[in-house]
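Here are the chains, one letter per residue:
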Amino acid sequence: MKPVPHATSLRRAPVQRRSAERLTRILDACADLLDEVGYDDLSTRAVALRAGVPIGSVYRFFGNKRQMADALAQRNLERFTEQVTERLKSARDGGWRSAMDAVLDEYLAMKRTAPGFSLVDFGNQIPVGARSAEPNTRVADRLTDLLSGYLDREPDDDLRRTFLIAVETADTLVHLAFRVAPEGDEKIIEEARELLRAYLARVLD
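The structure presented is a predicted model; accordingly, all values stated were derived computationally and were not measured.

Asker: I would appreciate a short explanation of the pattern of salt bridges in the present structure.
Answerer: Pairs can form between side chains of opposite charge whenever their charged atoms are close. In this structure the tally under the stated criterion is 18 salt bridges. Asp28 serves as the salt-bridge partner of Arg75, at 2.8 Å between the closest nitrogen and oxygen. Taken as a pair, Arg75 in helix α4 (residues 65-89) and Asp28 in helix α1 (residues 17-37) lie far apart in primary sequence, 47 residues in all. Asp28 sits in the partly exposed class, given a relative accessible area of 32%.

Shown next as structure tokens:
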């Protein structure tokens, strides 16, 4: 079992393996229930029941359901980063286009398969409808640090701004694709891919 990343919303970080496993069960239950009942009807008591842990175990880590959702979003970002990193190992000779495809493909895969992701994403959607810029900035910073070495570029402010614009664009268009079709409208996704390529070519070529 992979350790759960220490999210800033945690009241207390797990120290022992048993505690980390309990936190994983809580976040897994939170993700499943988000898909089943939505954020408004999510409760810490329901999460505890689904996870098979005492309610006190939930409150040991989280003060409320918002903090749980924030921690789930942070875990999503960590898993996304790990998956992109693995993809890049086999796409080393493909340049930035292969890197961009890896990033977009892994994001789409999480949208389609990761429990709870359609609501919490990397933090954009909780509370439902809120679109704070902070999560996209965090994603852009993570991609800058991850891809700068792959692209042989300095992770400077210009590159961070480039990735922030790309992330904001992809976020908006991918959400549109999934509003149009449950699995993501392929034509909108391809338009998004072409738009990102055209923008990034001007900056990275």
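Moving on from the coordinates now.
Asker: Explanation requested: the nonpolar core in the structure shown.
Answerer: Side chains of nonpolar character tend, in soluble globular proteins, to be buried together. Of all hydrophobic cores here, the largest spans 36 residues; its most connected members are Phe80, Leu88, Phe122, Leu143, Leu147, Leu151 and Leu200. Put simply, the parts of the chain that give this core at least two residues each are α4, α5 (95-113), α7 (134-151), α8 (157-180) and α9 (186-204). Element by element, the count of residues in this core is highest for α5, at 9 residues. Not counting residues up to four positions away in its chain, the partners in contact with Phe80 are Val103, Glu106, Tyr107, Met110, Phe122 and Leu143. In this structure, Leu42, Ala51, Ala71 and Ile126 belong to the second largest nonpolar core, which totals 24 residues.

Asker: How do you make sense of the packing of aromatic side chains when you look at a structure like this?
Answerer: To describe a pair of aromatic rings, you give the distance between the ring centres and the angle between the ring planes. Enumeration over the complete set of coordinates arrives at 5 aromatic pairs. Taking 6.3 Å as the distance between ring centres and 55 degrees as the angle between the ring planes, the aromatic pair formed by Phe61 and Phe62 counts as tilted. Take Phe61: its relative accessible area is 1%, and that puts it in the buried class. Take Phe62: its relative accessible area is 0%, and that puts it in the buried class. When the ring of Phe117 is compared with that of Phe122, the centres are 5.3 Å apart and the planes differ by 85 degrees; the resulting orientation is edge-to-face. Residue Phe117 shares its accessibility class with Phe122, and that shared class is buried.

Asker: Just to check I follow, could you spell out α9 for this structure?
Answerer: Every α-helical turn comprises 3.6 residues, leaving residues that sit three or four positions apart pointing alike. Helix length check: α9, at 19 residues, gives a terminal C-alpha distance of 26 Å against a target of 27 Å (1.5 Å per residue), a fit within 8%. For α9, the secondary structure elements touched by its buried residues are α5, α7 and α8. Measuring from the side-chain oxygen of the N-cap residue of α9 to the backbone nitrogen of Lys187 gives 3.2 Å; that N-cap residue is Asp185.

Asker: For this particular structure, what's the right way to read the packing of α5 against α7?
Answerer: Between two packed helices, both the angle of their axes relative to each other and the distance between the axes serve to describe the pair. Where α5 contacts α7, the two axes come as close as 10 Å, and the packing angle between them is 150 degrees. Judged on the interaxial angle alone, α7 and α5 are roughly antiparallel. In the packing of α5 onto α7, the handedness of the crossing is right-handed. Here Gly95, Trp96, Ser98, Ala99 and Val103 of α5 come into contact with α7, specifically with Leu143, Leu147, Tyr150 and Leu151. Across the contact of α5 with α7, the residue classes tally to 7 nonpolar, 2 polar and no charged.

Asker: What is the right way to look at the confidence of the model for the protein chain in this model?
Answerer: Low-confidence regions, as indicated by low pLDDT, have predicted coordinates that should not be scrutinised in detail. Here the protein chain averages 87 in pLDDT, while 87% of its residues score no lower than 70. For the protein chain, α7 is the element with the lowest average pLDDT, namely 89, and helix α2 (residues 44-51) is the one with the highest, namely 96. Counted against residues more than four places away or in other chains, residues 1-7, with its pLDDT under 50, gives 15 contacts.

So, how was this worked out
Residues numbered from 1 in each chain as written. Predicted model: local features only at pLDDT ≥ 70, side-chain atom pairs only at ≥ 80, totals over all residues. Heavy atoms only, no water. Salt bridge = Lys/Arg side-chain N within 4 Å of Asp/Glu carboxyl O. Helix = DSSP H or I, 4+ residues; strand = E, 2+ residues; numbered from the N terminus. Buried < 20%, exposed > 50% of the residue type's maximum accessible area, 1.4 Å probe, protein only. Core = buried A, V, L, I, M, F, W, Y, C linked by side-chain atoms within 4.5 Å. Contact = heavy atoms within 4.5 Å. Phe/Tyr/Trp six-rings, centres within 6.5 Å; stacked < 30°, edge-to-face > 60°. Expected span 1.5 Å × (residues − 1). Polar contact = N/O pair within 3.5 Å; in protein donor to acceptor, adjacent residues only side chain to side chain. Axes fitted to C-alpha atoms, helices over the stretch in contact; angles between N-to-C directions. Parallel < 35°, antiparallel > 145°, perpendicular 65-115°, else oblique. Left-handed = near helix turned anticlockwise from the far one by under 90°. Nonpolar A, V, L, I, M, F, W, Y, C, P; charged D, E, K, R; others polar. pLDDT = per-residue confidence, 0-100.

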